[in-house]
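Tertiary structure, described
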Protein chains: 2
Amino acid sequence: MTFPRSTPPEPQPHLPETPHPPQRHPGGRRPGENRTREQILDAARECFAERGYDATSVRRIAETAGVDQALVHHFYGTKEKLFLNALEIPMRMPEALAEAAAGDRAGLGSRIVLAHLRVWEDASARPAMMTTLRSAATHRSAAAVLRDYATGTIREALGKVITGEDAELRIALIATTLIGLSLTRYLVRLDPVPEASPQELAARLGPVIDLHLDPADPAA
Amino acid sequence: MTFPRSTPPEPQPHLPETPHPPQRHPGGRRPGENRTREQILDAARECFAERGYDATSVRRIAETAGVDQALVHHFYGTKEKLFLNALEIPMRMPEALAEAAAGDRAGLGSRIVLAHLRVWEDASARPAMMTTLRSAATHRSAAAVLRDYATGTIREALGKVITGEDAELRIALIATTLIGLSLTRYLVRLDPVPEASPQELAARLGPVIDLHLDPADPAA
DNA sequence: GTCTATATAACGATAGAC
DNA sequence: GTCTATCGTTATATAGAC
């Protein structure tokens, strides 16, 4: 229960004004039930991921979703609340990292990099992560989600195998490595990085992770 | 002549409409000459660095500079052009990196990290770099300046000492390391990273740079 | 639930007096 | 060079009909 979902400043305890599912059905999903709410959220992630928070208007999200602008406000209240819902590190990420960390110690760093990239390469998970990364520099809530990814997911996956001095700092630097990789690969697109294969990147960055997990010398 | 200054889409060849120094003086700076233009630029860097491009209004920049809003447009035309002027990797950065790279091979990675941090820690250079880094995720021009820093400055400083396979990728990954470090230290503020000393960070990341400069094995 | 119409506010930018 | 006043646009958000 660490945080598949984000950590917004307001946890929005019940949302009494938002008509979630208006009526519950014992036998599962009502046939022909409304999917508009999810369509709007998907469209929001798509737009936020592509252009960032400020450059994305509610009108554009509505247009992308194929609905009216007023509906966006009807379901999510404000643009900011919709944004908080769009921020997310997908559940698959903690799962993938935990699975990579569970295996043998040899090649652990490489597997971590591959797991990180596998989730990022997944088209269905991309928009939410892209939204988070792109907005982290300008939006506190997005930065908070990114921090949670680092000190939550990564720390949880690697906390058991890491030992020695400055373990906290070294975990943070592993997170820095992965976040920096996503930044230059998917956002800034720094020349050979976007074109490199996951295997190449794992070959280059796996040893870096391993170095943080198991430093050679305190001083040289 | 690589790029102390940025690489904006329009190089603004002569700026015929902008009254740079209205009249030249043979004996140097005219006493009591106008410093308003620089005040505005400094204020813009301060605001852009703190809140990003979109969240910064021209009105706010003017207020920070202690001048009228119309003056900002008078000197820089549009907000976008002012932003392009605010984007900059300070001259000191290429100098510092080149100096670090010139020394002995032992401890090279550590010296690179220290040089990078030394410039970032300088209060006078910070706003321009912060503006660049903060806006890189949402503004093409800022991302371009960041790419130039990587493929220009870093490549120029380390291109001679790096050899072997995938040299381009490995240089880009060194840039990724430094940019990622600035991201988690100054922007996202990922927990122990902002509090760590430059020496601690150099001790942890120096070997990473060295690993990219001189990889141990193609495959393990 | 969905749409039309609109209230309200802030923005970038300009014109023109001094 | 500096300021006052304002134009035109666009944004979020809401009220209310259907």
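Quick caveat, the model's predicted, so the values are computed rather than measured.

**A closer look at the pattern of salt bridges**
On inspection of all chains with the given rule, the structure shows 14 salt bridges over all chains. Between B:E121 and B:R126 there is a salt bridge, with its nearest N and O atoms 4.0 Å apart. Of the residues examined, B:E121 reaches a relative accessible area of 36% and is grouped as partly exposed. The exposure class assigned to B:R126 is partly exposed, which follows from its relative accessible area of 26%. The residue B:E168 makes a salt bridge to B:R155 at a minimum N-O spacing of 2.6 Å. Taken together, the residues span a long stretch of sequence, with B:E168 in helix α9 (residues 167–187) and B:R155 in helix α8 (residues 140–158) at a distance of 13 residues. In this structure B:R155 comes out as partly exposed when scored by relative accessible area, which is 37%. One salt-bridge network, held together by shared partners, links A:E121, A:R126 and A:R185.

**Let's talk about unusual backbone geometry**
Residue and element names in this part refer to chain A. Unusually for a residue other than glycine, D166 sits at a positive phi of about 55°. The backbone of R189 sits at a positive phi, close to 55°, despite the residue not being glycine. Along the chain, R189 falls in the loop between α9 (167–187) and α10 (192–195).

**A short note on the nonpolar core**
Core analysis: the largest hydrophobic core is formed by 144 residues, its most contacted members being A:I40, A:L82, A:I154, B:I40 and B:I154. If near-sequence neighbours (up to four positions away) are discounted, B:I40 is found in contact with B:I61, B:A65, B:V67, B:L71, B:V72, B:F75, B:Y76 and B:L82.

**A look at the protein's contact with DNA strand C**
Neighbouring DNA strand C are 18 residues; A:D68, B:V58, B:R59, B:Q69 and B:K79 lie closest to it. When the atoms of DNA strand C within 4 Å of the protein are sorted by group, sugar and phosphate make up 59%. Here A:T36 contributes a side-chain N or O atom positioned 3.4 Å from a phosphate oxygen of DNA strand C. B:R59 places a side-chain nitrogen or oxygen 3.1 Å from a base nitrogen of DNA strand C. At the level of secondary structure, the elements contributing two or more residues to the surface near DNA strand C comprise α3 (69–76) of chain A together with α2 (58–65) and α3 (69–76) of chain B. Partitioning the surface near DNA strand C into residue classes produces seven nonpolar, eight polar and three charged.

**Structural notes on α3(B)**
Every α-helical turn comprises 3.6 residues, leaving residues that sit three or four positions apart pointing alike. All names here are of chain B. Listing the buried residues of α3 in full gives V72, F75 and Y76. Projected down its long axis, α3 carries its buried residues within an arc of 75°, all on one side. Buried residues in α3 make contact with α1 (36–51), α2 and α4 (79–86). Between a side-chain oxygen at the N-terminus of α3 and the backbone nitrogen of A70 the separation is 2.8 Å; the capping residue is D68. Just past α3, the residue G77 takes up positive phi, approximately 80°.

**Focus on the interface of chain A and chain B**
Quoted interface sizes are often the accessible area lost when the parts come together. At the junction of the two partners, chain A supplies 42 residues and chain B supplies 42 residues. Summing both sides of the interface, chain A and chain B together bury roughly 3400 Å²; the carbon and sulfur share of this comes to 75%. At the boundary of chain A and chain B, one finds two salt bridges. B:D166 is the partner of A:R204 in a salt bridge, and the nearest nitrogen-oxygen pair spans 3.2 Å. Summed over the shared surface of chain A and chain B, the result is eight residue pairs in polar contact (both at pLDDT 80 or more).

**Observations concerning the packing of helix α1 (residues 36–51) of chain A against helix α4 (residues 79–86) of chain A**
Residue and element names in this part refer to chain A. Contact geometry of α1 with α4 gives a least axis separation of 9 Å together with a crossing angle of 85°. Here α1 is positioned roughly perpendicular relative to α4, judged by the angle of their axes. For the pair α1 and α4, the contacting residues are I40, L41, A44, R45 and F48 in the first and K79, L82, F83, N85 and A86 in the second. Here the residues of the contact of α1 with α4 are counted per class, giving seven nonpolar, one polar and two charged.

**Side note on the side chain of A:T131**
Residues and elements named next belong to chain A. Looking at where T131 falls in the secondary structure, it is placed in helix α7 (residues 126–135). We classify T131 as buried; its relative accessible area is 0%. In this structure the side chain of T131 is engaged in a polar contact, spanning 3.2 Å, whose partner is the backbone oxygen of R45. Excluding residues that lie within four positions of it along the chain, T131 makes contacts with R45, F48, A49, F83 and L87.

**Here's the deal with the relation of the copies chain A and chain B**
What connects the two chain copies is a rotation about an axis and a shift along it. After a rotation of 180° and a shift along the axis of 0.0 Å, chain A superposes on chain B with an RMSD of 0.1 Å. The operation mapping one copy onto its partner corresponds to a two-fold rotation axis. Relative to the rotation axis, the closest C-alpha in chain A is found at A:G180, a distance of 2.1 Å. Residue by residue, 100% of the interface of chain A is reproduced at the interface of chain B, so both copies engage with the same surface.

**A few points about the UniProt feature "domain: HTH tetR-type" (unreviewed entry) in chain A**
As annotated in UniProt, the feature "domain: HTH tetR-type" (unreviewed entry) corresponds to residues 34–94 of chain A in the numbering used here. For the annotated span residues 34–94 of chain A, helix accounts for 70% and strand for 0% of the residues, and the straight-line distance between the end C-alpha atoms is 30 Å.

**Describing the packing of α9(A) against α9(B)**
Between α9(A) and α9(B), the least distance of the axes is 8 Å, while the angle of their chain directions is 110°. Considered as vectors, α9(A) and α9(B) are oriented roughly perpendicular to each other. α9(A) and α9(B) meet at a crossing whose hand is right-handed. From α9(A), A:T176, A:I179, A:G180, A:L181, A:L183 and A:T184 reach across to α9(B), where they touch B:T176, B:I179, B:G180, B:L181, B:L183 and B:T184. Classifying every residue of the contact of α9(A) with α9(B) by side-chain character gives six nonpolar, six polar and no charged.

Procedures and definitions
Residues numbered from 1 in each chain as written. Chains lettered and ligands numbered in written order. Predicted model: local features only at pLDDT ≥ 70, side-chain atom pairs only at ≥ 80, totals over all residues. Heavy atoms only, no water. Salt bridge = Lys/Arg side-chain N within 4 Å of Asp/Glu carboxyl O. Buried < 20%, exposed > 50% of the residue type's maximum accessible area, 1.4 Å probe, protein only. Helix = DSSP H or I, 4+ residues; strand = E, 2+ residues; numbered from the N terminus. Core = buried A, V, L, I, M, F, W, Y, C linked by side-chain atoms within 4.5 Å. Contact = heavy atoms within 4.5 Å. Near = heavy atom within 4 Å. Polar contact = N/O pair within 3.5 Å; in protein donor to acceptor, adjacent residues only side chain to side chain. Nonpolar A, V, L, I, M, F, W, Y, C, P; charged D, E, K, R; others polar. Arc of directions from axis to C-beta. Buried area = accessible area lost by both parts, 1.4 Å probe. Axes fitted to C-alpha atoms, helices over the stretch in contact; angles between N-to-C directions. Parallel < 35°, antiparallel > 145°, perpendicular 65-115°, else oblique. Least-squares fit on C-alpha atoms with pLDDT ≥ 70 in both. UniProt positions renumbered as here; feature names shortened; annotations may be inferred. Left-handed = near helix turned anticlockwise from the far one by under 90°.

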